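Descriptive structure summary
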Amino acid sequence: RFASRASDVFFDNTGLSISARTVQEAVVALMKTNGSGNGSDGSAAEYYPDWSRFKWFVMGDSLTDPAGSGHTSKFYYEYIQEKTGIQVIVDGVGGTGYHAGASTGTRFADRVVNIPEDVDVVTIFGSGNDVQHATLEEYHAAMAEAMNYFFINRPGLPVIIVPPSPWAIYQKRGDQWKNYCDKL
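Residues numbered from 1 in each chain as written. Predicted model: local features only at pLDDT ≥ 70, side-chain atom pairs only at ≥ 80, totals over all residues. Heavy atoms only, no water.

Let's talk about the overall build of the protein chain
As a reminder of what qualifies: Numbering of helices and strands runs from the N terminus; a helix is a DSSP stretch of H or I covering at least four residues, while a strand is a stretch of E covering at least two. Burial here depends on accessible area, computed with a 1.4 Å probe over protein chains only, as a share of the maximum for the residue type. Under 20% is buried, over 50% is exposed, and the range in between is partly exposed. Residue contacts are counted whenever heavy atoms from the two residues lie within 4.5 Å of one another.
When helices and strands are counted, the protein chain shows seven helices and four strands. Listing each helix as α and each strand as β along the protein chain from the N terminus yields α-α-β-α-β-α-β-α-α-β-α. When burial is assessed residue by residue, the protein chain has 45% of its 184 residues classed as buried. Once local pairs closer than 6 in sequence are excluded, the contacts in the protein chain between residues at least 24 apart make up 70%.

Structural data, given as structure tokens:
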């Protein structure tokens, strides 16, 4: 299904509905349904030895940016890469998001066109930056633009959307953070 207006939002480019508690569970589930693994019983453990042949594109804000946000000694994708051997291509840019980064051409919708053709799965993580840089309507439209790119240009490519993690400074804003996550 393609969007007919900016308010149409898509969450699953494969036509599948994946429920997972972690990014790693989502990657495993998508690779299983995509026929990418070779486990006989479908267990995640049987997929780990062969993940080195897969390419995972991770996009996000400072929580993905290898230049670092200073918030961690290791990024989420590094933990998964260590456990699975999956090849990771990182596109993290601090201060960006679905709408944040519009003035510099670094918002997510601007960067999805740079995803290599040979990746097996994509993760978009974020972004709390949108809470401070966009209205709900701007956020929703920018998110729809990014997702529509996949439906139109990369149908079938599994895309995992990870909602922004709450920042302590936004706790004072009440439901604003919840509203952004609900739009996502």
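Okay, back to it.
Here we look at the nonpolar core
Rules: Here, nonpolar core refers to any group of buried Ala, Val, Leu, Ile, Met, Phe, Trp, Tyr and Cys residues whose side-chain atoms link them within 4.5 Å.
Counting residues in hydrophobic clusters, the biggest one holds 20 residues, and the most contacted among them are Tyr98, Val112, Ile115, Val122, Ile124, Met147 and Phe150. Looking at this core, the elements that each hand over two or more residues are strand 1 (55–60), helix 4 (108–111), strand 3 (121–125) and helix 6 (136–153). It is helix 6 that provides the largest number of residues to this core, a total of seven residues. Excluding its chain neighbours within four sequence positions, the residues that come into contact with Val112 are Met59, Ile124, Ala146, Tyr149 and Phe150. Counting 14 residues, the second-largest nonpolar core is a separate cluster that includes Val58, Tyr76, Tyr77 and Val162.

From the geometry alone we can't say anything about function, so treat these as descriptive.
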